[in-house]
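What follows is each chain in one-letter form.
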Amino acid sequence: MLVHMLERVQKAKKLDAVVLATGDAHADDATAALGASCGVVVFRGSEADVLDRFYKAAQEAGADVVVRLTGDCVLHDPHVIDEVVERFLEKKVDYTSTPANYPEGLDTEVFSFAALERAWREAAIPSEREHVTPYIKNHPELFKIDGRWTSGIGDNSGMHWSVDMQADFDFATAVYAQLYPRNASFNKDDVLALLKQKPELLEINKGGTGFEGLRKSLKEDEGWKLMRRMVLGTVELGMEYGIDGQARPAKDEAFAILDAALAAGIDTFDTASAYGNAEELLGEWITARNCADKVKIISKGSGRADIEQSLKRLGLKALDGYLLHNAQGSFAELQEAKRAGLVKHVGASVYQPEEVRGEFEYVQVPYNALDRRFEKVQDAVVFARSPFLQGLLLMNPADVPPHLLHARPYVEAFQKIAQQFGLSPLQAALLFALHAHPTNVVVFGVKTLPQLHEIIAAARTLLPNGYLDAVRALPVPPDTVVNPTLWKATVV
């Protein structure tokens, strides 16, 4: 397929050079060697981040205008490529593509290097990194994008000529068997004439679309967006915390947890100067992984001096957010630090609704299936911490410690609802925190790598119909149940 495609593409008159951009994995060695044997420039780059690979290949080639062709289009037509390039130059746009009435599988995209560079710099979601051009097409306010256009007569857009499935390969093979022996340079019109003469060939891959890969990526986008609403808290990594009696992880385990969280798409980490050695640990990890530009850190303290100390421990020049811990300290100093460029967003971590102020950009509040006191907070990014109520919601009610026996009926009622909807306590607690207010960001902590994987899987659980309403119908517990600062004072 690749040999045939390169043979056809190199006949386009409007192309100054052809570059095969393939991955840098060992499995791509054969592809790279084959491309070189066909006389084209071979560039090898990121296996997963195709946008990065494409950008660097174009950069190395010194391209001002980039033509993107995909390896699954074995019927690429050099005349179509030239036609789309001419359209791009004539319209003086940032992006154009194949005529809308052409068969799928002649896919040709033409765009400026400047547009590609901006997409490479700003695109974030998986589909934008994997499929190269979605960021450009999704932002008409940033780029001059050519409108829908057609060429010639008739509409053949329903035909599927690219190779995504076995049936598509069989279709392309049948077309080549009919046309290639007589004319190695056959074009799209020759294929259309063949299909008119032998319409039974269209039955070979009937029902395919050519967009299966994109649809898969768009589905992955939803999981990625969900992970971007998850924030890993580091209190459990820096000190003994919670009521489960489990020790905090060793440094290697903590690093493995942080690595896995970032790999899953969780890029925001919550910490504080009061969390033992959490900031130092996080700083060591950021330095070891060279990932300062890939993560957002939110810390907490009482003023500018604390911010400066946090930055020193973390090894950073600026923080994404800094909060007054328990609403204590000088908010004016936080605002001053923001003006100085030490922090992007300021706010407070609070325990009571009356502590929330309109000037807070970020506000961190306790929020879970039993503690719904902050549901009316507006005009700030809400970081919902304690989704498991420090592990209380996940405990077997029989194991609730003596000083929390007054909380047992509420835990039992919550877990009964979870069971009714076929959810584990972990799934039930996390789904409520994530979906009761979809704009909230959920802060959670773990002590082991399996716990992290379990939480990520729970977050991706399908939300049962009626579940949120059932939880909201639970009796409202007293503060002595939902406020952990009062637990020790409530010994029964």
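Up top is the structure these notes are about.
The present account deals with the structure reproduced in this document. This is a predicted model, so every value here is computed, not measured.

Cut-offs applied
- The residue numbers shown here count from 1 along each chain, following its written sequence.
- Reporting in this predicted model follows two pLDDT cut-offs: at least 70 for local features of residues, and 80 or more for side-chain atom pairs to be given and counted; totals over whole chains, interfaces and linings ignore these cut-offs and use all residues.
- Excluded from the side-chain calculations are hydrogens and water; all other atoms, namely the structure's heavy atoms, are used.
- One side-chain nitrogen of Lys or Arg within 4 Å of one carboxyl oxygen of Asp or Glu is enough to make a salt bridge.
- Counting from the N terminus, the helices are DSSP H or I runs at least four residues long and the strands are E runs at least two residues long.
- Exposed residues in this analysis have more than 50% of their type's maximum accessible area, buried residues have under 20%, and partly exposed residues fall in between, with area computed by a 1.4 Å probe over protein chains only.
- Contacts are assigned to residue pairs with any non-hydrogen atoms lying within 4.5 Å of each other.
- Strands are treated as partners if at least two bridges between them are detected by DSSP.
- Here an angle of 0 to 180 degrees is reported between the N-to-C directions of two axes, which are lines fitted to C-alpha atoms, with helices fitted over the stretch in contact.
- Definitions for this section: a left-handed crossing has its near helix turned counterclockwise from the far helix by less than a right angle. A right-handed crossing has that turn clockwise.
- In the scheme used here, Gly and all other residues not listed as nonpolar or charged are polar, with Ala, Val, Leu, Ile, Met, Phe, Trp, Tyr, Cys and Pro taken as nonpolar and Asp, Glu, Lys and Arg as charged.

Concerning the pattern of salt bridges
Turning to step 1, where the next piece is worked out: Taken as a whole and assessed by the stated rule, the structure comprises 21 salt bridges.
Turning to step 2, where the next piece is worked out: Here D146 makes a salt bridge to R87, at a shortest N to O gap of 2.8 Å. A residue pair is termed long-range when its members are at least 10 positions apart, and D146 in the loop between α7 (134-137) and α8 (166-179) and R87 in helix α4 (residues 78-91) qualify at 59 residues.
Turning to step 3, where the next piece is worked out: Of the residues examined, D146 reaches a relative accessible area of 14% and is grouped as buried.
Turning to step 4, where the next piece is worked out: Residue R87 is classed as buried on the basis of its relative accessible area of 17%.
Turning to step 5, where the next piece is worked out: Residues joined by salt bridges that share partners form a network here, namely R68, E109 and K137.

Remarks on the side chain of Q364
Turning to step 1, where the next piece is worked out: Relative to the elements of secondary structure, Q364 occurs in strand β11 (residues 362-366).
Turning to step 2, where the next piece is worked out: Leave out the neighbours within four places in its chain, and Q364 touches D270, K300, L323, A348, S349, V350, F383, R385 and V443.

Topic: the sheet that holds strand β3 (residues 65-69)
Turning to step 1, where the next piece is worked out: Taken in spatial order, the three strands line up as β3-β5-β4 in an open sheet, and their pairing is antiparallel. Unpaired on one side and paired on the other, β3 and β4 (95-97) mark the two borders of the sheet. Taking each pair of neighbouring strands and ignoring which way they run, the sheet shows an average axis angle of 15 degrees.
Turning to step 2, where the next piece is worked out: Taken together, the three bridges between β4 and strand β5 (residues 108-112) define a ladder with antiparallel strand orientation. By the bridge assignment, T96 is partnered in β5 with V110.
Turning to step 3, where the next piece is worked out: In this fold α4 packs onto β3, β4 and β5, with an angle of close to 30 degrees to the strand it touches most, β5.

What to know about the environment of A250
Turning to step 1, where the next piece is worked out: The topology assignment puts A250 in the loop between α11 (235-238) and α12 (251-264).
Turning to step 2, where the next piece is worked out: Between the C-alpha atoms of A250 and L237, which are 13 residues apart in sequence, the distance is 8.1 Å.

So, the packing of α12 against helix α13 (residues 278-289)
Helix packing for two helices is described by the angle between their axes and how far apart those axes are.
Turning to step 1, where the next piece is worked out: Between α12 and α13, whose axes approach to 11 Å, the crossing angle comes to 65 degrees. Pair α12 / α13 crosses with right-handed handedness. In this structure, α12 uses K251, A254, F255, L258, D259 and L262 to contact α13, whose residues at the interface are L281, L282, E284, W285, A288 and R289.
Turning to step 2, where the next piece is worked out: Across the contact of α12 with α13, the residue classes tally to eight nonpolar, no polar and four charged.

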